[in-house]
Amino acid sequence: MRKYLLLVLFICTSVFAQKIDINNLNWLPNSHSFWVNQDSNVVVYDVDKLDKQNTILSKAQLASAGFTGEIEQLVWNDSKTKVLVYTNSKKVWRDNTRGDYWYFDLVTGKGKQLGKNLDVSSLMFAKFSSDNENVAYVSKHNIYVENLNSGKIIPVTTDGTDKIINGTFDWVYEEELAARDGFRWSPDGKSIAFWRVDATSTRFHFMINNTDSLYPTIIPVEYPKAGDKPSSVKIGIVNIDSLQTNWLNIPGEPDNNYLVRMKWLSNESIMVVQLNRNQNQVTMYDCNAKSGAARVIYKEESKAWIDVFDTSAGEYDVFPCQFVDNGKAFLWNSDADGWMHIYKISLDGKSKELITKTNFDAYFKAYNEKTKTIYFIASPEDATQRYLYETNLSSKKTKRITPETFDGSNRYVFSTDAAYARHTNSSISRDYNQRLIALSGHQKIYPKEADVFAAPRRNYSMEKFKVKTEDGVEIDGVMAKPLDFDPSKKYPVFFYVYGEPMASVANDKPYFNGFIAELIPKGYIGIAMDNRGTPVMKGTQWRKSIYKNIGIINTRDQAMAAKEVLKWNFIDSDRVAIHGWSGGGAVTLNLMFQYPEIYKAGVAIAAVTDQHFYDNIYTERYMGLPDENQAAYIQASPVTHAKNLKGNLLYIHGTGDDNVHYKNAEVLINELIKYDKMFDLMIYPNRSHSIDEGEGTEKHLTDTFIRFIEKNCPPGAK
């Protein structure tokens, strides 16, 4: 049977492959084969046979089924004999997660569009049942099942509205818990487990569109702010034959906890990961799909917050536990002992074993079931870099497998069997370079040519540095200089900041951030530094010292580090500029307002100007609830210190920002007016948080930014 299935998958004639675009490869399930889009043809490669390509869906086949649009993603069944093609996608919040799906049988080569009687570009997260008879998807907050033979479409939930959300999530779950896909087929394909979000009590934040019609249009965004209770969330199990739903009886109030992840363990059992409201306690339950009863498997508590997933990874819907020992145990990342470590926890909850016994952070990435090898990212000696390490469930020995040749930043996209990976390497001294590797021995598979370590294609130089502040805190930084840099002269300095727990900026990457890259060749020194609280590999104390101190500890660290930079002979302390966006915009404002003696000019974009205005999950995770930490909320908010502005400030915001609302801008503007503080302002109508919509927007934003900096912090050495 297995040989037959492989024959079906590669039914098209094999030919010698053209150059493979491994930058856009997509791994197939349970294998180390991958597919790429080659001239609108879906082509599959086996890593072991890269000299041959197998076209499983041709452009002509797609067209004959009525397919229109671009191939944006594929969804495979487990046996890889059927596939869904996703296209015509539309943005929901941050990403294009609704669109159209076409179904293709790779045995017959025939296909058809799914959900034809539903709205165009409204289908979300389509996936096959394990018996290959049905496909389920979400449309307009309800879940549907479509039979692939008859084409019959059945709604398995019917109460979906803008406030009752089945099979997907509200804005804040997606933004802060990286949760988008809200349903899972049971292993036997007879039931579906799904999240149901009841946002009836969650208030709308209203945005106004003044430009696209004669009268303004009000745009409601369901948005719980700091101090507001979460939307009520529960998990149901619906039988697709009877359409009866059983609800899991998970302890805790459904509007005062978060159900972060779930995964079927068997046809009768589901594992659910729950966070409490303060996000400092995680509980894992084994839930009975029929009775709804929930048994505690494991519980962990923290004095700060618990990272259920890697917040800086940018990955959605990833289950945080890797099952091992034939499903009798799972691997779990935790920094409870001071370092991010990997533990093995038995499914009965009776044992917990430390796997990575190292005095450095280890972030789990992949597990090879065949060899029992665990792969994780670590960087014991330089927090600006990233390397791949491995250990083994049997031997427990830990070693680095990224060769010394690849110093710098290393990223791996693993095959689903964790035997191969796409490896990308870069550093501040060379450009990105990429290859396919076998993880065993880090052996290069493709391309056949020797690795090329080219110098970065940039018109400035970069280097790393460290400074120690007067508080005794050692800060990592990266610096960019113009190519004609003269150490005997003094240059204006431009600081790029973020400074919050979601991202780091002082990375070993070949290019500098944002607008600063355009300014450096004109005669600026660019600086980016990571303060305490940023998600770098310096241990729990470093990362979580910012707890209940956002806007306070990170602001001070940045200012004290800047003071050390200003001591350098080639820095002109009279020409100091700063810029940040979103959380970095808040840090920019706090630095301009709290340390006006340091910063002479600043550009803040889409900033949180009052901690009370941002969403509850993010803000309460890092600041606690407002009524428990009110003084810190006030101290952390830029509006509290706006009266201290002395330098030149440019504030920029989009009125269509559903993330950091335009309200933040108007409250700040009022406070600056109150104290007669002069400032520059640029508002972009209907632009979102990224301010990238509309003809001419990108150029206008860049020109506005550059013009302001050059005027208020003139370029060039003196």
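Residues numbered from 1 in each chain as written. Predicted model: local features only at pLDDT ≥ 70, side-chain atom pairs only at ≥ 80, totals over all residues. Heavy atoms only, no water.

An unreviewed UniProt entry lists the chain under the name Dipeptidyl-peptidase-4, from Flavobacterium nitrogenifigens.

**Q** Just checking my understanding: could you explain the sheet that holds strand β23 (residues 281–288) for this structure?
**A** Remark on secondary structure: sheet strands pair via backbone hydrogen bonds, oriented parallel or antiparallel. Within the open sheet, the four strands sit side by side as β21-β22-β23-β24. Their pairing is antiparallel. The two strands at the open ends of the sheet, each matched to only one other strand, are β21 (257–264) and β24 (294–301). Ignoring which end each strand starts from, the neighbouring axes of this sheet average 20° apart. The pairing of β21 with strand β22 (residues 269–276) spans seven bridges and is classified as antiparallel. Paired with W264 across the bridge in β22 is I270. (Pairing = 2+ DSSP bridges. Helix = DSSP H or I, 4+ residues; strand = E, 2+ residues; numbered from the N terminus. Axes fitted to C-alpha atoms, helices over the stretch in contact; angles between N-to-C directions.)

**Q** I tried to follow a nonpolar patch on the surface on my own but got confused; where do I start?
**A** Among the surface-exposed residues, F204, F206, I208 and I218 lie close enough to one another that they form a single nonpolar patch of about 400 Å² accessible area. Among the elements that make up the nonpolar patch, the one with the highest residue count is strand β17 (residues 204–209) (three residues). Topologically, F204 is positioned in strand β17. (Patch = residues over 30% accessible without salt bridge, like charges linked within 9 Å, V, L, I, M, F, W, Y side chains within 5 Å. Areas by Shrake-Rupley, 256 points an atom, 1.4 Å probe, with all protein chains shown as cover. Salt bridge = Lys/Arg side-chain N within 4 Å of Asp/Glu carboxyl O.)

**Q** It is not clear to me how the sheet that holds strand β25 (residues 322–324) should be interpreted in this structure. Could you clarify?
**A** Spatially, the four strands line up as an open sheet ordered β25-β26-β27-β28, and their pairing is antiparallel. In this open sheet, the two edge strands, each paired with only one partner strand, are β25 and β28 (352–354). Averaged over all pairs of adjacent strands, the angle between strand axes in this sheet comes to 30°, irrespective of strand direction. Bridge count between strand β27 (residues 341–346) and β28: three bridges; the pairing is antiparallel. In the sheet register, I345 faces β28, and the bridge partner there is K352.

**Q** Please explain the pattern of salt bridges as it appears in this structure.
**A** Oppositely charged side chains can pair when the atoms bearing their charge come close. As enumerated under the stated definition, the model contains 36 salt bridges in all. The closest approach of N and O atoms between D476 and K538, which form a salt bridge, is 2.9 Å. Linking D476 in strand β38 (residues 474–482) with K538 in the loop between β40 (525–530) and α5 (540–544), this pair joins segments that are 62 residues apart in sequence. For D476, a relative accessible area of 6% puts it in the buried group. Shared partners join several salt bridges into a network, and the residues in it are D325, K344, E353 and K396. (Buried < 20%, exposed > 50% of the residue type's maximum accessible area, 1.4 Å probe, protein only.)

**Q** Just to check I follow, could you spell out helix α6 (residues 553–565) for this structure?
**A** In an α-helix, one turn spans 3.6 residues; hence positions three or four apart end up facing the same way. With 13 residues, α6 extends 18 Å from end C-alpha to end C-alpha; this agrees with the ideal 18 Å at 1.5 Å per step. Along α6, eleven of the 13 residues are buried, which leaves the element largely enclosed by surrounding structure. Buried residues belonging to α6 abut β37 (460–468), β38, β39 (491–496), β40, β41 (571–581) and α7 (583–594). (Expected span 1.5 Å × (residues − 1). Contact = heavy atoms within 4.5 Å.)

**Q** Looking at this model, I keep getting lost on the UniProt feature "domain: Dipeptidylpeptidase IV N-terminal" (unreviewed entry) in the chain. Mind explaining?
**A** Summarizing the sequence annotation, UniProt attributes the feature "domain: Dipeptidylpeptidase IV N-terminal" (unreviewed entry) to residues 79–425 in the numbering used throughout. Helix makes up 2% of residues 79–425 and strand 46%. Its end C-alpha atoms lie 33 Å apart. (UniProt positions renumbered as here; feature names shortened; annotations may be inferred.)

**Q** Just checking my understanding: could you explain the domain arrangement of the chain for this structure?
**A** The parts lose accessible area when they come together, and the size of an interface is often stated as this lost area. Domain annotation for the chain reports domain 1 (1–155) and domain 2 (460–712). Of note, the centres of domain 1 and domain 2, computed from C-alpha atoms alone, are 43 Å apart. (Domains from an automatic or database assignment.)

**Q** Hey, could you run me through the pairing of β21 in this one?
**A** Consecutive side chains along a regular strand alternate between the two faces of the sheet. Counting buried residues in β21 gives seven out of eight residues, a clear majority hidden from the surface. From the end of β21 to the start of β22, which pair antiparallel, there are four residues.

**Q** What should I look at first to understand the nonpolar core in this one?
**A** Within soluble globular proteins, side chains that are nonpolar tend to cluster in buried spots. In this structure, Y173, M271, V272, M284, F330, F512 and I709 are the most contacted members of the largest nonpolar core, which totals 96 residues. The residues touching V272, leaving out its near neighbours within four places in the chain, are I235, L248, I250, L259, R261, M262, T283, M284, Y285 and C287. Judged by nonpolar contacts, the second largest core, of 45 residues, contains A383, M529, V536 and Y599. (Core = buried A, V, L, I, M, F, W, Y, C linked by side-chain atoms within 4.5 Å.)

**Q** Sorry, what's going on with unusual backbone geometry here?
**A** Omega for the peptide link from Y446 to P447 comes to -5°, which places this bond in the cis form. In this structure, S121 is a non-glycine residue whose phi angle is positive, near 55°. You can see S121 is positioned in the loop between β9 (111–113) and β10 (123–128). With relative accessibility at 3%, the residue S121 sits in the buried group. Residue K548 is not a glycine yet carries a positive backbone phi of 60°. Mapped onto the secondary structure, K548 falls in the loop between α5 and α6. The class of K548 is partly exposed, set by a relative accessible area of 27%.

**Q** Can you help me understand the environment of E666 in this one?
**A** Within the fold, E666 resides in helix α10 (residues 663–674). Sequence separation between E666 and T609 is 57 residues, and the spatial gap between their C-alpha atoms is 9.5 Å.

**Q** Help me understand the pairing of strand β19 (residues 232–239), please; the structure alone is not making it clear to me.
**A** In this structure, strand β16 (residues 191–198) lies alongside β19, joined through eight bridges in antiparallel fashion. Within the sheet, the bridge partner assigned to V197 lies in β19 and is V233. Bridging between β19 and strand β20 (residues 245–247) involves three bridges; their strand directions are antiparallel. Bridge assignment links V238 to a residue of β20, and that residue is T245. Here β19 folds back onto β20 in antiparallel fashion, the turn holding five residues, of which L243 has a positive phi close to 65°.

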